[in-house]
Each structure stands twice: as structure tokens, then as C-alpha cells.
Amino acid sequence: MRRRAGRGPTNSLHERLAFIEGLRGVAALYVVLTHFGSMLDPSHLDGTRSRVPEWMQSVIHPFWYGHLAVAAFIVLSGYCLQTSLFGGRDGRIHKYGKFFARRAKRILPPYYATLIFSVIVSIYITSKQTGMPFSQYVPVTQDNVLAHVFLVHNFDPNWMYKLNGVLWSIAIEWQLYLAFPLLVFLLFKLGRFFYLAVTTAAAVAALFYLPNGLALYVWYLPLFALGMAASHLAYRPNLRVGIVPRLAAYLFVSASLACGYVCYAGYEKPICDACVGVAIASLVYLGTVAPWTPFTKLFAWKPIASLGFFSYSLYLMHHPIEQVLFVNRPDWARTPEMGGLYLMVVCLPIILVACKIFSLLFELPFMSTRKSRVPSQRELGTPVALPLLAASTFVQPSAKKGRQAVGDAVPAAAPRGVGRKL
């Protein structure tokens, strides 16, 4: 009934839960494949008849839903930000200036470097192409460039997808960062259930009453809140109920199946994104309180997790690099079949290596070099006595009969009551 003891905290740079990095990596790779599909078969973007073979349409179709990966990123952002506040603290923000400075240092340098490169590609590559998907990224104007500089380009659908097809989500995420202190206050003031109810009601009202509510992705607010609530539930569980990994596993499977159904049935994006949001929130909760399960071990696998460590750069930079490579593809790759082979065999490795280098130049230097306060998987492996304890220390039996020894202090971020296996 007791969790196997971990080896203690690790000392890796910007330490995080490995399975969350794996989730980020898979989501970023999915977005890359989504844009591969748009290059090969843009028919779903402009409503025209597809010119690729039917078998190839069947291969591309599962990758039409890049917005699902973005929704997953939003949930993960809410989860990770809230989790960072539990690292030796009470889950609240106490130094607002420091919080915003760290967020800006983490997000903005790679973003602005990408923006500069995207403007250059848009002027010299994208603007010289015709049809979808290129036409949605141009023209380059002073207005849409300045809107991107000030991270407000998501406010107008005419700016939203210009220059680089993924930067719209960075604006939304930055705005959620600005609202994060208020969201933390509401989470602790209202409790998890009413907090989610309030943010969901606000998004629903915006969908109905804002002229461009659907185009502005207003439902990302409750998705971000859902990630925060999942973290709060993992690190501040109900002392009577404890942790519920089995329920989280069932919820993850059910929400994943529901997501597949509503996407293929043609439901609107808010419904599809809500399903994937519940699935991701359930999975990160499960991975926090029960990291030994197959669900989380898969994403914590080193090759997948290593992809997550430069997932932000991969997400930002893959699109302009992909355009350069695809427009300048060799003659043998002009047919849809050979074009797909070219993208997967030639372009994908180049994109991965280029984005990794970009991460080393524009992302890693701005990441915190001190040990992160986000608890690691090993820290969460510290044994915790049952029943649930409210104290930050616990007493565990010593190896010597008849003695009681005070165990290591449970990190403030560690879920109380961890110990029941699935």
C-alpha cells in the first residue's frame, strides 16, 4: 500500500515531469504533420476537390485536426503553471513582477526570433505562391506585423493566421499568462468546481455574444482553467477521498474515444477541443499521482520526452522552414505521392535538427539555470503514509524492529495520499 521510494530529487536543468515533456513533444510533432498534410492536400482548407489519391487522403485525414494539439498545449500550460506554484509553496503567486518576468523571458525571445524569420519567409517565399495554404499567411502589412509584435493578432481574424500559421496561439497563451494571477485567486476563492463553472460560463457567453467568438477561440479560457484545476486536485486532494487514479484512467480513455467520435462526425471545434482537454487533464493528473502506469510511462519514454524539451521551438519554427523546403523541392517530388515521401524522409529530419539548433540559440539561454521548484517524478516517488496526512512530514517504520523514524519531508507539491496503485 506504499509507493516505492524514489531516489530523491534530480538536478537536471529546468526539471519537469518527464511525461509532460513527452506530451508536449507528441503534440508539437502532430502539428508538424498537420501542416505537411495541408501542403500536400489543401482541399479541406478551401473546400475544393482533392487532387491526391484516395488512399493518400485516408492517410492525411487523421492529421487535419491540428487545433486538438493546440488545445492540449493550453491545458498543459495551465497545469504546469499551477504546478510550479506548489513547488515548496502554497500554490499562490506572491511575487507578481518575478512571475511575469520569468514568463516573458521564457516565451518572448524565441517568439520574436521566429517572428523575424517568418516575416522574411513570408516576403520572399510565401507571397510568391498561389492558392492554399500559402494565401492565408499573406500579405505582409504594417498592421499585422505590429499586431504580432504586441501579441494582439488573435483579436482580428484578418491578422490571426498571417506570417506564420501557429503564432496565433502564442498570443492567446500570453494573454492567459496576464490573466493567470486573477485565475489563481479565483481557483482558491471559489474552489475547483465553481472555478471551472465560472470560466466555462464566461466562454459560452463569449461564443454567443461576441461577433467573432468562434474565431477567437474563447473556449481556451476554460481549457487553461481545467489544467490548473487538475494540478490543484493532484497536489491538494480532498483528504476524505484521496487520489483517484482509476477514475482518471477511465476518464482519459472515455474522453479520448469521445474526441475521436466528435471530430470525425464533424462537430464544431469547441466540442472537439473540450474532449481532448478533458483527456489531457485526466492524463496529466494520472501521471502525477500514479506515474508508474502504462499511460504515463509511454510519454515518459526517453526518445519521446527528449522531443518535448525543444517542443516550443519545434512548434514555432517548423512552419516557415517547411514552406522553404516544400517550395524548393526537387522535380522528382512534384507529385503528391513523392511529395509526401519528400516531406517525411527529407524535410522532417531537417526540421527537427533545425528546430533543435534554434532551441539551443534562442530558447535554452533564456531558461532558468537554477533547479526548478516543479517536483519531479522521482520526488513524487517519495513514500507517503496512509491514511492521508495534512502535515508536511510523515512517520514511517524504520528498518529496525520497534523503532519509528521520521521520513524525508514530503515536498509541498507532492500529492498527499499517493500510494494506491491502479
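Since the model is a prediction, treat every value here as computed from it, not as a measurement.

Brief notes about unusual backbone geometry
Residue P133 is bonded to the preceding M132 through a cis peptide linkage, with omega at 0°. Checked against the element boundaries, P133 lands in the loop between α5 (96-124) and α6 (142-149). With phi around 55°, L151 is a residue other than glycine that occupies positive phi space. Topologically, L151 is positioned in the loop between α6 and α7 (157-160). The backbone of L163 shows a phi angle near 75°, a positive value even though the residue is not glycine. Mapping L163 onto the fold places it in the loop between α7 and α8 (167-190). For L163, a relative accessible area of 2% gives the class buried.

Side note on the environment of Y137
Looking at where Y137 falls in the secondary structure, it is placed in the loop between α5 and α6. Sequence-wise, Y137 and L163 are 26 residues apart; in three dimensions their C-alpha atoms are separated by 5.0 Å. If near-sequence neighbours (up to four positions away) are discounted, Y137 is found in contact with H35, S122, T126, Y161, K162, L163, G165, H319 and Q323. A distance of 3.1 Å separates a polar atom in the side chain of Y137 from a polar atom in the side chain of Q136.

Some points on the packing of aromatic side chains
A complete count under the given rule lists 19 aromatic pairs for this structure. Pairing F73 with Y315 gives two aromatic rings, centres 5.3 Å apart and planes at 65°, and the pair type is edge-to-face. Of this pair, F73 sits in helix α4 (residues 66-84) while Y315 sits in helix α15 (residues 311-327), and the two are 242 residues apart along the sequence. Both residues of the pair, F73 and Y315, count as buried. Through successive ring pairs, a cluster of aromatic residues spans Y161, W168, Y217, W219 and Y220. Taking NZ or CZ as reference, R103 lies 5.3 Å from the ring centre of Y177, over its face. When the ring centre of F326 is taken as reference, the NZ or CZ atom of R329 above it lies at 4.0 Å.

Points about the side chain of K162
Summarising the element assignment, K162 is placed in the loop between α7 and α8. Of the side chains with opposite charge, D156 comes closest to the buried, unpaired K162, at an N-O distance of 9.4 Å. Beyond its immediate stretch of four places on either side in the chain, K162 contacts S135, Q136, Y137, V138, P139, N144 and H148.

Some remarks on the pattern of salt bridges
Under the defined criterion, the tally for this structure stands at 1 salt bridge. Close ionic contact of E363 with R106 constitutes a salt bridge, the shortest N to O distance being 2.7 Å. Of this pair, E363 sits in the loop between α16 (336-362) and β1 (395-397) while R106 is found in helix α5, placing the two residues 257 residues apart along the sequence. Of the two residues examined, E363 and R106, each falls in the buried class.

Focus on the layout of surface pockets
Each pocket or cavity is described by its volume, and for the second largest pocket that value is around 730 Å³. Taken together, 30 residues make up the lining of the second largest pocket; nearest its centre are L45, W64, Y161, Y217 and K269. Secondary-structure elements contributing two or more residues to the lining of the second largest pocket are α1 (18-40), α2 (43-46), α4, α7 and α12 (269-289). Split into classes, the residues belonging to the lining of the second largest pocket amount to 18 nonpolar, 9 polar and 3 charged.

Here we look at the side chain of H67
Relative to the elements of secondary structure, H67 occurs in helix α4. H67 sits in the buried class, given a relative accessible area of 11%. A polar contact is formed between the side chain of H67 and the side chain of D273, at a distance of 2.7 Å. If near-sequence neighbours (up to four positions away) are discounted, H67 is found in contact with Y220, K269, C272 and D273.

Quick look at the packing of α8 against helix α10 (residues 220-235)
Put simply, α8 and α10 touch, their axes get as near as 10 Å, and they point 50° apart. The orientation of α8 with respect to α10, classified from their angle, is oblique. Of the two elements, α8 crosses α10, and the hand of that crossing is right-handed. Here α8 contributes W168, I172, L176, F180, L183, V184, L187 and F188 to the contact with α10, which in turn contributes Y220, L221, F224, M228, A229 and H232. For the contact of α8 with α10, a count of residues per class yields 13 nonpolar, 1 polar and no charged.

So, how was this worked out
Residues numbered from 1 in each chain as written. Predicted model: local features only at pLDDT ≥ 70, side-chain atom pairs only at ≥ 80, totals over all residues. Heavy atoms only, no water. Helix = DSSP H or I, 4+ residues; strand = E, 2+ residues; numbered from the N terminus. Buried < 20%, exposed > 50% of the residue type's maximum accessible area, 1.4 Å probe, protein only. Contact = heavy atoms within 4.5 Å. Polar contact = N/O pair within 3.5 Å; in protein donor to acceptor, adjacent residues only side chain to side chain. Phe/Tyr/Trp six-rings, centres within 6.5 Å; stacked < 30°, edge-to-face > 60°. Lys NZ or Arg CZ within 6 Å of the ring centre and 35° of its normal. Lys, Arg positive; Asp, Glu negative; His and termini not counted. Salt bridge = Lys/Arg side-chain N within 4 Å of Asp/Glu carboxyl O. 1 Å grid on protein atoms, 1.4 Å probe; cavity = no way out; pocket = protein on both sides within 12 Å on 5 of 7 lines; lining within 4 Å. Points joined across faces, edges and corners; volume = space filled by probe spheres on them. Nonpolar A, V, L, I, M, F, W, Y, C, P; charged D, E, K, R; others polar. Axes fitted to C-alpha atoms, helices over the stretch in contact; angles between N-to-C directions. Parallel < 35°, antiparallel > 145°, perpendicular 65-115°, else oblique. Left-handed = near helix turned anticlockwise from the far one by under 90°.

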